[in-house]
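Chains, contacts and geometry: an overview
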Amino acid sequence: MASEKEIKEIYENGMNILEDLTNNVQEIQEQLLEEILKRNAGTEYLSRFFPNGQADNQSFKTNVPIITYEDIQPYIDRIANGETSSILLAYRIIQFLLSTGTSGGQPKLIPMTAESFEKRMSDLLLSDLVTRKCFSGSDEGKSLYLYFIKPEMETPSGLKASFFTTFYFKTESFKNGLAKFCTSPIDTILCLDNKQSMFCQLLTGLLQRDEVVRFGSTFASVLARTIKFLEDYWRELCSNIRTGYLSDWIIDPGCKNAMSLILTRPNRELANSIQQICEDKSWEGIIVKLWPKIKYIHCIITGSMSQYVSLLEFYGGGIPLVSPIYNSSESSFGINLKPLSKPFDVSYTFLPNTAYFEFLPVSKDGEGKAQETWTDDEPVDLANVKLGRYYEVVVTTLAGLYRYTVGDVLKVTGFYNKSPQFQFVERRNVVLSIDVDKTTEEDLSKAIMKAKLILEPLGIMLTTYSSYADTSLTPGRYVLFWELKMKGSNDLPKLDAKIMEQCCCMVEESFDFTYKSHRKGGAISALEVRVVKHGTFDELMDFYVSKGVSVAQYKPPSCLKSEEAVMILNSGMVGKFFSPKTMF
Ligand code: AMP
């Protein structure tokens, strides 16, 4: 694990490390691949591809196939069932990471070694360093970071499997590093009951409101959830502060103990100021009102998280949103070297010492839509990607993944020294599909952003959305779920059928040629928007959390595949609207 010495080294020398990494991309990548092969070419998995025993970088690229999780799953399953991990990689697996991506409905298990954990840690530390450098004075205060864990699983072989965040929050690295700057006591983060954990973390954040300079979490969805919780519980939080007594439904021993050291006396004055702020009809800027020294909001806001940008801008009162890092259970990829970039301009600079990266060119049609299959072009190296082109990222790691497609499509937006910077575009496999039309996550997000512009002048906020392809009737239609509320309050807007119909039309207008031609030809029915009441998407999150997804890594699905999930959103429906039958 990253020792205190290593952490110190990164904080003292981090900018030089970054310069060195980004100036020597090609060399570092080639050396890393050599090292991976030196160690792992003899494993049962890889040795098949080197029949004459020659495992150099060139034969790796010619012989080893590009794969998905399903190709490697038999090896993972064998290890999970007790066979030695040396069938796949030379170093010992310390545990599996659970990915939020699934295979056949089950979470993917990704091997992790002590070394691969360290690599992720150094990327996290570098990213933290870059962000802090950008905001003077942010070193001094505390972070109100809402962090949560999920129970671990155990494989038949006794190896543990958990989400990365759960593993990380339990390490000494976290305890001796980031946790020292956090307002939340470690025991409140490690509480398995997310509701008790959230209450206690918000309570400690409010008790230390004058010290908080950073507000954040892993993903923007957690912060959206936090704001909703605050709306529901601020009175009770104030009452705890006023009386000095912790609510009696907080029964987790770790939370109780931690809170007894912080909630030590009644504080009427603080409770009154918080109450006054929360009683305001408009919650615009509530985050800076409650924590006046906050300099930035820190969480991932790209990809499927971009739907929370306007919500965080509203509640954050315009303070910068910083999207620090792009990573996954499989590997860390890159960090944001320009923390002040506007949310839709965020790019991540790849760090070449993390994994060996290759990029499959993805063709885009005239409207910027990714084709579902990649072209026949050969994959290119990190040092050879071209500005403005789209690629799907493929990783080879020290921890047992060889030419593994992660499923993310990225666009090259620039270079820092010699290291490419990428914008996250979409997850390749997340699509709405009817007939041969394939609507990607990015298509959907762009279309909804345009429709939102119709609602905004009316003071109506679209706080979150999802969708599904309703093929129960023929022809099928795309259904969008929208959670709407008024800007200054949680009130449901008066839904004007004409305006809502305009929104439906705008979404359809924004879709691509294939969609429109199928709609015109009658292969797809009129698009439907179902408006759901405030809080319905929280129920959706509860549902996924109950299925084992970690709150800290929850990403609201832009497209629903589960009937149960559709039912949950349907149960909160307060109105439905359609495009005109004939549109194009
Ligand atoms: P998981 O393995 O569960 O951590 O999920 C990893 C996936 O989350 C990635 O492959 C991306 O699709 C998504 N993801 C992670 N970081 C970002 C980011 N900064 N921007 C957009 N999507 C991200």
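Use the structure listed above.
Description of the structure in this document. Since this is a predicted model, take the numbers as computed values, not measurements. (Residues numbered from 1 in each chain as written. Predicted model: local features only at pLDDT ≥ 70, side-chain atom pairs only at ≥ 80, totals over all residues. Heavy atoms only, no water.)

**Considering the environment of Asp437**
Here is the rule: The helix and strand labels rest on DSSP assignments: H or I over at least four residues marks a helix, E over at least two residues marks a strand, and numbering proceeds from the N terminus. A simple rule labels every residue: compare its accessible area, found with a 1.4 Å probe on the protein chains alone, to the largest value its type can have, and call it buried under 20%, exposed over 50%, or partly exposed in between.
Structurally, the position occupied by Asp437 is in strand S18 (residues 437-440). Among the residues examined, Asp437 registers a relative accessible area of 0% and is labelled buried. Measuring from C-alpha to C-alpha, the distance between Asp437 and Thr514 comes to 6.0 Å, with 77 residues separating the pair along the chain.

**A few points about the environment of Met15**
Going by this rule: Every residue pair with non-hydrogen atoms within 4.5 Å of one another is taken to be in contact.
Note that Met15 resides in helix H1 (residues 4-23). The residues contacting Met15, other than those within four sequence positions of it, are Leu129, Val130 and Lys133.

**Quick notes on the packing of aromatic side chains**
In plain terms, the rule: Any two rings among Phe, Tyr and Trp, with Trp reduced to its six-membered ring, count as a pair given centres within 6.5 Å; such a pair is stacked if its planes are under 30 degrees apart, edge-to-face if over 60, and tilted if neither.
On inspection of all chains with the given rule, the structure shows 38 aromatic pairs. With 5.1 Å between their ring centres and 90 degrees between their planes, Tyr45 and Tyr75 make a pair best called edge-to-face. Here Tyr45, found in helix H3 (residues 44-47), pairs with Tyr75, found in helix H5 (residues 69-80); they are 30 residues apart in sequence, far enough to count as distant. Assessed through its relative accessible area of 2%, Tyr45 is described here as buried. Owing to a relative accessible area of 10%, Tyr75 belongs among the buried residues under this scheme. Each ring, one from Phe359 and one from Phe422, has its centre 5.0 Å from the other, and the planes form 15 degrees; the classification is stacked.

**Some points on empty space enclosed by the protein**
Our working definition: Detection works on a 1 Å grid of protein atoms alone, calling trapped sets that fit a 1.4 Å probe cavities and calling open sets with protein on both sides within 12 Å along at least five of seven lines pockets, with lining residues defined by an atom within 4 Å of a point. Grid points are joined across faces, edges and corners, and a volume is the space filled by probe spheres set on the points.
Inspection of the entire model under this criterion finds six cavities of 30 Å³ or more. Size it by volume and the largest cavity reaches roughly 240 Å³. Considering the residues around the largest cavity, the lining is formed by 21 residues, among which Ala224, Arg225, Tyr308, Glu483 and Asp538 are closest to the centre. Going through the elements one at a time, helix H11 (220-243), helix H15 (309-316), strand S19 (460-470), strand S20 (477-486) and helix H19 (536-546) are the ones with two or more residues in the lining of the largest cavity. It is H11 that contributes the most residues to the lining of the largest cavity, six residues altogether.

**Quick look at the layout of surface pockets**
What counts, and what does not: Here the nonpolar group is Ala, Val, Leu, Ile, Met, Phe, Trp, Tyr, Cys and Pro; Asp, Glu, Lys and Arg are the charged ones; every other residue, Gly included, is treated as polar.
A volume near 440 Å³ is recorded for the second largest pocket. Looking at the lining of the second largest pocket, the elements with two or more residues in it are strand S16 (419-427) and helix H16 (441-455). The element that contributes the greatest number of residues to the lining of the second largest pocket is H16, accounting for five residues. Residues belonging to the lining of the second largest pocket are distributed by class as follows: nine nonpolar, nine polar and six charged.

**Some thoughts on the site of the ligand**
Threshold: Being near a molecule or strand, for a residue, comes down to having at least one heavy atom within 4 Å of it. Pairing of N or O atoms within 3.5 Å defines a polar contact, subject to two protein rules: one partner must be a possible hydrogen donor and the other a possible acceptor, and residues neighboring in sequence count only if both atoms are side-chain atoms. All accessibility values rest on the Shrake-Rupley procedure with a 1.4 Å probe; residue burial counts only the protein chains present in the view.
Neighbouring residues of the ligand: 17 residues in total, closest Thr100, Thr302, Ile325, Ser329 and Asp408. Here a nitrogen atom of the ligand sits 2.8 Å away from a polar atom, N or O, in the main chain of Ile325. Contacts to the ligand include Tyr348, whose side-chain N or O atom sits 3.1 Å from a nitrogen atom. Relative to its unbound accessible area of 500 Å², the ligand is 94% covered by the protein chains. Listed by contribution, the elements that provide at least two residues to the shell around the ligand are strand S1 (95-103), strand S9 (325-327), strand S15 (404-416) and S16. At three residues, the largest contribution of residues to the shell around the ligand is made by S9.

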